[in-house]
Amino acid sequence: MTAALSLHDLRKSFGAMSIIRGVSLDIENGERHAIIGPNGAGKSTLFHLTSGRIRPTSGEVSLHGERITGLPPFEINRRGLSRSFQITNIFPKLSVYENLRCATLWSLGHKYAFWRSINGLRDVRERSQWLMEQIGLTGRRDVPAGVLTYAEQRALEIGVTIGGGADVIMLDEPTAGMNNSETEQAVALIRKVTEGKTLVMVEHDMSVVFNLADRISVLVYGKIIATDTPDRIRENAEVREAYLGQASHQ
Amino acid sequence: MIAFMRLLAPWLALAVLFAVAPHVFASGSAMTMMSVMGTMIIYALSYNMLLGQTGLLSFGHAVYFGLGGFVAIHAMNAVIHAKLGVPVPMIPLIGGLAGLGFGFLFGLVSTKRAGIVFSMITLGVGELVSSSSFILRTFFGGEEGITTNRSALAPFFGHRFGPQIEVYYLIAAWCLLSVVAMYALTRTPFGRMCNAVRDNPERVEFVGYSPRMLRMIAFCFAGFFAGIAGGLAAINFEIMNSEQLAAQQSSLALFMAYIGGVSSFTGPIVGAVIVTYLQITLSDVSSVWLLYFGLMFIGVVLYAPDGVVGWVKLHRQAALRGQLWRLAPSYALVTPGFVAAGLGAIMLIELANRQFELVQSEGSVVRLFGIGLDAATAPPWIVAFLLFGVGAAAVRLLWPRVGDAWGAVNERLHSREPA
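A. Summary view of the overall build of chain B. Each helix and strand in chain B was counted, giving 16 helices and four strands. The C-alpha atoms of chain B give a radius of gyration of 24 Å, which matches the 22 Å a tight globule of 419 residues would have. With respect to the principal axes defined by its C-alpha atoms, chain B has extents near 65 × 65 × 45 Å.

Here it is as C-alpha cells:
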C-alpha cells in the first residue's frame, strides 16, 4: 500500500546553512502523525517544503504515490493536501462565513466561475454552514475574521484548512498560545474534523502530542532521529537526551 | 419573489434616475457633463475592480480606456468608410473588446506579481503606450488626435446620435449595463476570490487558487470595462488624442475611486460624479484647479481613507443608533475653523497664482466670491494668512473633541453588538 504522504531524502539549505538535512518519512493513510523537536529544528520548514510554500534543494515529496515536489501550493492543495499556519493566516477583512466559503469553492468545482452567483451555490452554502458548525463559530457568522478572539481565529484557521475536504491535513502548532481549556477544545475539534483523514501536526504541547498522535517523529537539527509510537518515543534514550530531557531542564 | 424585487430595486432606481436626469438638468452644459459622468462611472468602477476588489494599485489604467477609445474611433471611421450597417450603440463593445485584448496582453506581464512590482509594471506599460502615441502617428494621430463623425454611422432605429440627448441616453444605457455587470461580478466565486486575494494572497494558494490567475482575470475584466468607457468617450467627443491614455488620465481613475471610496462598490460611482463635476466647474473658475484636486485627494487619503461613501456610511451607522447628536457639538466647534482655513487657503493659492504666474498679464486683481482683491498690495495677503493660520490653529486645537465624541459613539455602537 502506498503511503498517504511520503518524504524521501528531503533537503533544504539557505545559502551555506542546511536547515533540513535528509528527511525520509512515510505517513500511512488515516494515521495521526506528530512532529516534535526543539526550536529551530526545522519543523515549520519541513511543513513549507511539503506543502509547496518553498522548494526543496533536493529530495522528493509524494502524495498518495504521486510526486508533488516543486509544485506550487495551489496544485498541491488541489491534489488533496491542506495545511494550516503557525501564525494565523486567514482573510482578515472577510467574515467568518466568507472565509469558509473561500476554502470550499475550488474543491466543489467552482474554480474561477464569473458567470454564476455565489449565493446561488447550494453545495457551497451547505458546506460552509457545516464547517461553521464544526468549528463552533455559527454565532459569529458575519463578524470579520480580523476582529475574532485569538482562539476563534485559530478555530477558523482549522476550518479554512479542512474546508476543501483534503484527505491529508497538516496543522502547524494548532494550540500554540492557548490556555488549558482552549487547548482541550482545540484537541477535541482536531480529533473530530480529522476523523478518517491523515493528520500531520507540529506541536509543542506534549500532552496534546501524546493524546492525539498514533506515531511521533522527532526532528533535531534537520534530521529525524526517531519515528515511533508515543510510548516508545517516551522511552527512547536518544530522544530523551536530545529533546525531552533537554526540555525538562529548561 | 420579494427577495428578487429587493435585488432589483436599486437598479430600477438607478435606471429611473438616469432617465429623468436630463429633464431636471436640461441645459446643454448639464447634458454634456452628465454624459461625461456616465463614462467616468464605468471607468472608475473598472479601476476599482483592481484597486478595491483585488488589491492591485494600477498607475496605468488609462491605457485600456485610451486604446479602447482609439480602436473604437478607428472602427467608426472604418464603418463610415465601408458603409457598413454597424450602428453607434455597438461601438462601445468594440472599445471593450479592444480593452480586453490589451488587458490580456499587458496583463500577462503586469499580473505576474502583486504589490509594488505590479504598480511599477503598470506605470511602465502606461509610459510605454503613452510615449508610443507620439511615434505611431497613423494610429494615434499625433498632436491633433483622431476625429470621427458619429452621425455618419448607420442609424439605430432612426436615431443618428446627432443631438447630445441621444448620446446621453446611449451612455446612460451602457453605464447601467456595465454597473450591473460589474456588481454581479463581485458576487460570483471569482469576485469573492478576488477579495480573498486582496486580503491574503498567500492563503489563497493554500485553498487551491492561483493568485496570479485571479489577478489576470480581474485585469482582463478591468481592461474590458475601461475599454467600453473609452469607446463611449470616443462617441461623446468624436475625438481621441494621446492625453486620453496618458498618466494624468490614469491618476484620474485613482482620484475618482479613492475620493468616492474604494472599500464599497458605490464609492467609485460617487467619486466619478464628484470629480467630474469639480473638474468641469473648477476648471472654469480657476486655472490651478488641479492643485485643489491634489489637496482634496491628500485630505481624503489622510482623514477619510474610505472616501466619501465610507464617511457617509460611518455617520449613517451612528444616526441609525441615534448617536448622531453626540457628534454635533464637536462638529459645530470645528466648522468655523475649517471654513476660515479653507477660505484662507483658497485666497493664498489664488493670490499667489495671480502674482507669480503668466496670468499676471490680466492685471493683479483677483475676483474671489465676487470681491476684487489686488494681489500687488499687502492687505489681501495679510487677511489670507490670518484666516488660514487662525483657522488651522483652531481646527488643530479643537480636533480632539471630535475624536472624543467618536470615541463615545463607538463605545455605544460596539457594546450593543453580540459578544
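B. The overall build of chain A, seen in detail. What chain A contains, in helices and strands, is nine helices and 10 strands. Taken against the 2.2 N^0.38 rule, which gives 18 Å for 250 residues, the C-alpha radius of gyration of chain A at 18 Å falls within 12% of a compact globule. In terms of principal-axis extent, the alpha carbons of chain A reach across some 55 × 40 × 35 Å. Every one of the 250 residues in chain A was classed for burial, and the buried ones make up 46%. Expressed as a percentage of contacts within chain A between residues at least 6 apart in sequence, the contacts between residues at least 24 apart total 66%.

C. Representation of the interface of chain B and chain A in the model. Listed per partner, the contact involves 22 residues of chain B and 33 residues of chain A. Elements supplying a minimum of two residues to the side of chain B that touches chain A: α8 (189–199), α9 (201–205) and α10 (211–237) of chain B. The element contributing the most residues to the side of chain B that touches chain A is α8 of chain B, with eight residues.

D. Here's a closer look at the environment of Ile-19 of chain A. Among the structural elements, Ile-19 of chain A can be located in strand β2 (residues 17–27). Not counting chain neighbours up to four residues away, the residues in contact with Ile-19 of chain A comprise Lys-12, Ser-13, Phe-14, Gly-42, Thr-45 and Gly-222 of chain A.

E. How the structure looks around the sheet that holds strand β4 (residues 58–63) of chain A. Residues and elements named next belong to chain A. Taken in spatial order, the four strands line up as β2-β1-β4-β5 in an open sheet, and their pairing is antiparallel. The outermost strands of the open sheet, each flanked by one partner alone, are β2 and β5 (66–67). Sheet topology places strand β1 (residues 5–14) next to β2; eight bridges connect them, and they run antiparallel. Residue pairing in the sheet places Ser-13 in a bridge with Ser-18 of β2. Strand contacts of helix α1 (residues 43–51): β1, β2 and β4, with the helix running at about 65 degrees to β2, the strand carrying the most contacts.

F. Here's a closer look at the packing of helix α3 (residues 62–82) of chain B against helix α11 (residues 247–260) of chain B. Residues and elements named next belong to chain B. Two elements in contact, α3 and α11, have axes whose closest approach is 8 Å; the angle formed by their N-to-C orientations is 120 degrees. By the angle between their directions, the pair α3 and α11 is classed as oblique. Only Gln-249, Ser-250 and Ala-253 of α11 make contact with α3, whose side of the interface consists of Ala-62, Phe-65 and Gly-66.

G. Here's a closer look at helix α4 (residues 91–110) of chain B. With 20 residues, α4 of chain B extends 27 Å between its outermost C-alpha atoms, agreeing within 8% with the 28 Å of an ideal straight helix rising 1.5 Å per residue. In the structure, α4 of chain B departs most strongly from a straight axis at Phe-104 of chain B, where the bend amounts to approximately 25 degrees.

H. Inspection of the pairing of strand β10 (residues 223–228) of chain A at higher detail. Residue and element names in this part refer to chain A. In this structure, strand β9 (residues 215–220) lies alongside β10, joined through five bridges in antiparallel fashion. In the strand pairing of β10, Val-218 is matched with Ala-226. The antiparallel hairpin formed by β9 and β10 contains two residues in its connecting segment, where Tyr-221 sits at a positive phi of about 45 degrees.

I. Geometry of the domain arrangement of chain B. All names here are of chain B. By the assigned domains, chain B splits into domain 1 (13–299) and domain 2 (321–415). Each partner contributes to the interface: domain 1 provides four residues, whereas domain 2 provides four residues. For the side of domain 1 that touches domain 2, the class distribution of residues is two nonpolar, two polar and no charged.

J. Up close: the packing of helix α12 (residues 267–285) of chain B against helix α14 (residues 307–320) of chain B. Residue and element names in this part refer to chain B. α14 packs onto α12 with a crossing angle of 115 degrees between their chain directions and a minimal axis gap of 7 Å. For the pair formed by α12 and α14, the contact residues are Gly-267, Val-270, Gly-271 and Ile-274 on the first element and Gly-307, Val-308 and Val-309 on the second. Among the residues making up the contact of α12 with α14, the classes are represented as four nonpolar, three polar and no charged.

K. Focus on the sheet that holds strand β6 (residues 81–83) of chain A. All names here are of chain A. Reading across from one edge, β6-β7-β8-β3-β9-β10 is the order of the six strands in this open sheet, with mixed pairing throughout. Lying at the two open borders of the sheet, with one neighbouring strand each, are β6 and β10. Strand-to-strand twist across the sheet, computed as the mean angle between neighbouring axes with direction ignored, equals 15 degrees. Packed on one face of the sheet, helix α5 (residues 150–162) meets β6 and β7 (168–172) and runs near 155 degrees to β7.

L. Fine view of the pairing of β4 of chain A. Residues and elements named next belong to chain A. Pairing geometry for β1 and β4, over five bridges, is antiparallel. Paired with Leu-7 across the strands is Val-61, a residue of β4. Connecting β4 to the antiparallel partner β5 that follows it, the hairpin turn spans two residues, and His-64 within it adopts a positive phi of roughly 50 degrees.

M. Representation of the nonpolar core within the structure. Counting 164 residues, the largest nonpolar core has Ile-41, Ala-44, Met-193, Phe-225 and Met-256 of chain B as the members making the most contacts within it. Excluding its chain neighbours within four sequence positions, the residues that come into contact with Met-193 of chain B are Cys-102 and Leu-105 of chain A together with Val-204, Tyr-209 and Leu-214 of chain B. By size, the runner-up hydrophobic cluster in this structure holds 10 residues, among which are Ala-341, Met-347, Ala-375 and Leu-387 of chain B.

N. Molecular detail of the environment of Trp-106 of chain A. Residue position: Trp-106 of chain A is located in the loop between α3 (96–105) and α4 (122–134). The sequence separation of Trp-106 of chain A and Asn-77 of chain A amounts to 29 residues, and the corresponding C-alpha distance is 9.6 Å.

O. Inspection of the confidence of the model for chain B at higher detail. When pLDDT is averaged across chain B, the result is 92; 97% of the residues are at 70 or more. Among the scores for the predicted complex, ipTM is 0.93 and pTM is 0.93.

P. Inspection of the environment of Ile-116 of chain B at higher detail. All names here are of chain B. Mapped onto the secondary structure, Ile-116 falls in helix α5 (residues 115–132). Classification of Ile-116 by C-beta neighbours within 10 Å gives exposed; the count is 9. Once the C-alpha coordinates of Ile-116 and Ser-58 are considered, the two residues, 58 residues apart in sequence, prove to be 9.7 Å apart.

What counts, and where the lines are drawn
- Residues numbered from 1 in each chain as written.
- Chains lettered and ligands numbered in written order.
- Predicted model: local features only at pLDDT ≥ 70, side-chain atom pairs only at ≥ 80, totals over all residues.
- Helix = DSSP H or I, 4+ residues; strand = E, 2+ residues; numbered from the N terminus.
- Rg over C-alpha atoms; globule rule 2.2 N^0.38 Å.
- Buried ≥ 20, exposed ≤ 12 C-beta atoms within 10 Å, placed from the backbone.
- Contact = placed C-beta atoms within 7 Å.
- Pairing = 2+ DSSP bridges.
- Axes fitted to C-alpha atoms, helices over the stretch in contact; angles between N-to-C directions.
- Parallel < 35°, antiparallel > 145°, perpendicular 65-115°, else oblique.
- Expected span 1.5 Å × (residues − 1).
- Bend = angle between axes of the 7 residues up to and from the residue.
- Domains from an automatic or database assignment.
- Nonpolar A, V, L, I, M, F, W, Y, C, P; charged D, E, K, R; others polar.
- Core = buried A, V, L, I, M, F, W, Y, C linked by C-beta atoms within 7 Å.
- pLDDT = per-residue confidence, 0-100.

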